[in-house]
Amino acid sequence: MPAKDLNWGFITNQRIQQLKSQVRAKEERIVELETENAVLHLKLAEYHGIIERSNSKAMQLCCLYNQQQDLRRNTYSNLTQIYQVVQKFKQDLKDFQSFSYLLIRNFQHQYQDYLSQIVDAVQGTQLENETLQSFQARAIDLEQSLQEISERYQVEKQKRKTLHNNLVELRGNIRVHCRIRPLLPFDTESRDPALQNRSISLSEKVIHATDDETVLVRCSRPGHPLLNKTFQFERVYSPLESQKIVFGDVCPLLTSLLDGYNVCIMTYGQTGSGKSYTMLGPHSENDPISPSEAEQEMGIIPRAAGELFRLLSENPTIDPRVEVSIVEIYNNELFDLLAKDSSGIFGVKRDVITTKEGKSNVPMLTYELVESPYEFMKIINKSLQLRVKHPTLVHADSSRSHLVVTVTLTISVPFDSFTDQQAIQKLCKETLCSTPQKVMKSEKACFSPRGLSPAPIPLDPTEQHKQVQTKLQLVDLAGSECIGMSGVTGTILRETSFINRSLAALADVLGALSEHRGHIPYRNSKLTHLLQDSIGGDAKLLVMLCVSPCQKYLAETLQSLGFASRARQVQRVQAKRRNLLVSGKSK
Ligand code: ADP
Ligand code: MG
């Protein structure tokens, strides 16, 4: 190998070695740098993390800052509001202070006023005390004069009673009123074809009330002489006169009942003439009416019940006892409509007798104690459904029996109105003995709630009060028609014949009374026998004659008018009220 070459080789090697060491150095440096780089990367990552955390912290701080800003803003607005409220409160306080000031001033003024008023009042009281004393003295004077006036009122009331009874007596103990009923649809109807053709002329009005005391019968029929006749009665009602007006004339009799008289009110007339209507009011199921109409149309019986209890309520001291019995007389047999027979059917046959004192009495008759008009009418309505009815040609709702409602009134009267003990004994004996068993049964029976005879009257002359018993008999008589007119036969003919016989007996009794005969034939029929105590003597009888206005019933109407005219002939017996019997002696 040449030296050059060797030099070159050497140099090259050296160079190589140099370069290699340089490379190594560079490589080491690269490693170093890479390490540094890695460290730097790490650091960078670390800083990134720090930056991120810082960012989030910054974000949090930002939010916190925002919140604080909001808080500050809210606080500010709250503070503003509070400030306003405080300002307002300050203003209110100011107002209140000025108001309080005003109030205190007013209060002070008022206080001053009141104080002066109190001072005035204290001064006035002394004056008033003096006035009060003078008023008290005046009140004592007034009380004394009131007592005097009350005493005078009692005296005047007694005088009024006496005058009332004198007036009733002057009018007579037997009064006859006549009621002409209006023309009704059935007046133009007839079941008889022969009569049907003549119904227009038959429904012609021939009975007229010319004034309130006169009935005119005026009729001209072909082939008959002109009929032009007048009848006078104490009162005549035209067809237009209401139930209320009719009762107005009946009403005073109830005062007489309380004054100690027996009273009888009866309706007389042919079937369909308005007897039951006058006594009771509309009663047929065929004529339904409203409650207000029913009140206007009420007849004598319901009105009398109302009036009786009204009068009794005006006299609370008389301790009244009202008992009702209801009797039907059918074919001259007497039926107690308030009693049931053994099979539970109402209407038990009874007898009428005369006691040894000459009073009529029905042994075993049922009396119901009633305490109001309502109770009274409940009993009446129940009994009415039991009345025997048969249709006739005259009217489809013909009552074929006499209905007698007897109200027995017992009242307590002070003894001081009596001066004669003997007279008291006589009066009590007279009242007591009207039913013999009453005396025997003693006071116990007086309190029986439902007795078979009116409660007996206790008699003790040492007592302050005596009891007086009076009777009100309300009678709806059966029709007084002529047999031929009603077209009846068989059973109904028999009924009619009994009815006519009992009405004839009634006429006989009235005739005997008018002639002052010693013997009055009360016992000729059950009807007159039952009514014995209310017809004649000092009893007051009102006969309400009911007539139809039309020609169709002329024969019946003339017969009824004849009966009523005879009844009017009864002499006016000087009434002797049970109580007057004694007070007369004291005169
Ligand atoms: P009586 O009892 O005499 O047989 P009612 O009283 O039953 O007769 O009367 C027969 C019919 O005539 C009944 O429908 C009744 O309502 C009617 N009536 C009777 N009188 C009058 C009157 N004054 N006003 C109106 N209707 C009457
Ligand atoms: Mg009748």
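Everything numeric in this text was worked out from a predicted model, so none of it was measured.

Each value, and the rule that gives it
For every chain, the first residue of its written sequence is number 1, and the numbers climb from 1 along that sequence. Naming scheme: in the order in which they are written, chains are lettered from A and ligands are numbered from 1. Residues qualify for local features only when their pLDDT is at least 70, as the model is predicted, and side-chain atom pairs are given and counted only at 80 or more; totals for whole chains, interfaces and linings, by contrast, use all residues. No hydrogens and no water enter the side-chain calculation; it runs on all heavy atoms of the structure. Secondary structure elements follow DSSP: runs of H or I of four or more residues count as helices, runs of E of two or more count as strands, with numbering from the N terminus. The cut-offs for exposure are 20% and 50% of the maximum accessible area for each residue type, with area from a 1.4 Å probe on protein chains only; residues under the lower value are buried, those over the upper are exposed, and the others partly exposed. Any two residues whose heavy atoms approach within 4.5 Å at even a single point are treated as in contact. Accessible surface is estimated by sampling points in the Shrake-Rupley manner with a 1.4 Å probe; for residues, cover comes only from the protein chains shown. Every case where a carboxyl oxygen of Asp or Glu lies within 4 Å of a side-chain nitrogen of Lys or Arg is listed as a salt bridge. Here a pair means two rings of Phe, Tyr or Trp (six-membered ring of Trp) with centres within 6.5 Å. Their orientation is stacked below 30 degrees between planes, edge-to-face above 60, and tilted elsewhere. Working definition of a nonpolar core: buried Ala, Val, Leu, Ile, Met, Phe, Trp, Tyr and Cys residues. They are joined through side-chain atoms within 4.5 Å. One less than the number of residues in a helix, times 1.5 Å, gives the span that helix is expected to have. Along the arc lie the directions from the helix axis toward the C-beta atoms. Whether a residue is near a molecule or strand depends on its heavy atoms: if one lies within 4 Å, it is near. N or O atoms within 3.5 Å of each other form a polar contact, as long as, within protein, one can give a hydrogen and the other can take it, and as long as residues adjacent in sequence are counted only when both atoms are side-chain atoms. Just so you know the grouping, Ala, Val, Leu, Ile, Met, Phe, Trp, Tyr, Cys and Pro go in nonpolar, Asp, Glu, Lys and Arg go in charged, and all remaining residues, Gly too, go in polar. Helix axes use the C-alpha atoms of the stretch in contact, all axes being lines fitted to C-alpha atoms, and the angles between their N-to-C directions lie in the range 0 to 180 degrees. These descriptions rest on fixed angle ranges, namely under 35 degrees for roughly parallel, over 145 for roughly antiparallel, 65 to 115 for roughly perpendicular, and the rest for oblique. Left-handed describes a crossing whose near helix is turned anticlockwise from the far helix through less than a right angle; right-handed describes the clockwise counterpart. At least two bridges found by DSSP between two strands is the condition for calling them paired. Like-charged residues within 9 Å of one another, or nonpolar side chains (Val, Leu, Ile, Met, Phe, Trp, Tyr) within 5 Å, are grouped into patches, provided each residue has over 30% relative accessible area and no salt bridge.

1. Concerning the overall build of the protein chain
Part 1: Per the secondary structure count, the protein chain includes 16 helices and 15 strands.
Part 2: Across the 587 residues in the protein chain, those meeting the buried criterion constitute 41%.
Part 3: Partitioning the contacts of the protein chain with sequence separation of at least 6, the portion at a separation of at least 24 is 72%.
Part 4: When the accessible area of the protein chain is evaluated, it comes to approximately 34,100 Å², of which 57% is carbon and sulfur surface.

2. Concerning the pattern of salt bridges
Part 1: What the rule picks out here adds up to 17 salt bridges.
Part 2: Between R400 and E495 there is a salt bridge, with the nearest N and O atoms lying 3.2 Å from each other. Placement of R400 in the loop between α9 (373–384) and β13 (402–414) and of E495 in helix α13 (residues 490–514) is noted, with a sequence separation of 95 residues between them. Here R400 and E495 have matching classes, each one buried.
Part 3: Linked by salt bridges that have partners in common, R235, E241 and D249 make up one network.

3. Quick notes on the packing of aromatic side chains
Part 1: Across all of its chains, the model carries two aromatic pairs by this definition.
Part 2: Ring centres 6.3 Å apart and planes at 25° place the aromatic pair F107 and Y111 in the stacked group. Taken together, the residues F107 and Y111, both in helix α1 (residues 3–171) and four residues apart, mark about one turn of the helix.
Part 3: Take F107: its relative accessible area is 55%, and that puts it in the exposed class.

4. Thoughts on the nonpolar core
Part 1: In terms of nonpolar packing, the biggest core is built from 48 residues, with F233, M266, L510 and I535 touching the most fellow members.
Part 2: Among the elements of the structure, β1 (174–180), β3 (214–219), β6 (263–268), β7 (321–330), α13, α14 (526–531), β15 (540–547) and α15 (554–568) are those that each provide at least two residues to this core.
Part 3: The element that contributes the greatest number of residues to this core is α13, accounting for seven residues.
Part 4: Counting residues in each nonpolar core, the second largest holds 45 residues, with F247, I265, L311 and L542 among its members.

5. With respect to α9
Part 1: Taking 1.5 Å per residue, 12 residues should reach 16 Å; α9 reaches 16 Å between its end C-alpha atoms and fits that length.
Part 2: Every buried residue of α9 is listed here: F376, M377, I379, I380, S383 and L384. Taken end-on, α9 shows its buried residues confined to a sector of 155°, consistent with a single buried face. More than 90 degrees from the buried face of α9, the exposed residues found are Y374 and K378.

6. Some words on the site of ligand 1
Part 1: Surrounding ligand 1, one finds 16 residues, the nearest of these being L184, G272, K275, S276 and Y277.
Part 2: Contacts to ligand 1 include S273, whose backbone N or O atom sits 3.3 Å from an oxygen atom.
Part 3: Y277 has a polar backbone atom sitting 2.7 Å from an oxygen atom of ligand 1.
Part 4: Look at ligand 1: alone it shows 550 Å² of surface, and the protein chains cover 87% of it.
Part 5: In terms of residue class, the shell around ligand 1 is built from four nonpolar, eight polar and four charged.

7. Some details on the side chain of Q473
Part 1: With respect to the helices and strands, the residue Q473 is situated in strand β14 (residues 465–476).
Part 2: By relative accessible area, Q473 is classed as buried at 1%.
Part 3: Within the local environment of Q473, its side chain forms a polar contact with the side chain of T406, the two groups lying 3.0 Å apart.

8. Considering the packing of helix α8 (residues 300–314) against α9
Part 1: Between α8 and α9, the shortest axis-to-axis distance is 9 Å and the interhelical angle comes to 150°. In terms of orientation, α8 lies roughly antiparallel with respect to α9. Crossing geometry of α8 relative to α9 is assigned as right-handed. Packed against α8, whose contacting residues are I301, P302, A305, G306 and F309, the element α9 presents P373, F376, M377 and I380 at the interface.
Part 2: Split by residue class, the contact of α8 with α9 holds eight nonpolar, one polar and no charged.

9. Observations concerning α8
Part 1: With 15 residues, α8 should reach 21 Å at 1.5 Å per residue; the first-to-last C-alpha distance of 21 Å fits that figure.
Part 2: Counting buried positions along α8 yields 11 of 15 residues, so the element is predominantly enclosed.
Part 3: Within α8, the full set of buried residues consists of I300, I301, P302, R303, A304, A305, E307, L308, F309, L311 and L312.

10. Examining the sheet that holds strand β4 (residues 227–232)
Part 1: One open sheet accounts for three strands, arranged β2-β3-β4; its pairing is antiparallel. Each having just a single partner strand, β2 (207–211) and β4 make up the two edges of the open sheet. Across the sheet, the axes of successive neighbouring strands diverge by a mean angle of 25°, strand direction being ignored.
Part 2: Direction of pairing for β3 relative to β4: antiparallel, over a ladder of six bridges. Note on β4: the bridge partner recorded for L216 is T230.
Part 3: Its contacts with the sheet put α15 on β2, β3 and β4, and the angle it makes with β4 is roughly 35°.

11. Remarks on a nonpolar patch on the surface
Part 1: A surface patch of nonpolar side chains, about 420 Å² in accessible area, is lined by F96, F99, L103 and I104.
Part 2: Following the sequence through the fold, F99 ends up in helix α1.
Part 3: On the basis of relative accessible area, F99 is assigned to the partly exposed category, the value being 47%.

12. Some words on the environment of Y261
Part 1: Note on placement: Y261 falls in the loop between α5 (252–258) and β6.
Part 2: Judged by relative accessible area, which is 0%, Y261 ranks as buried.

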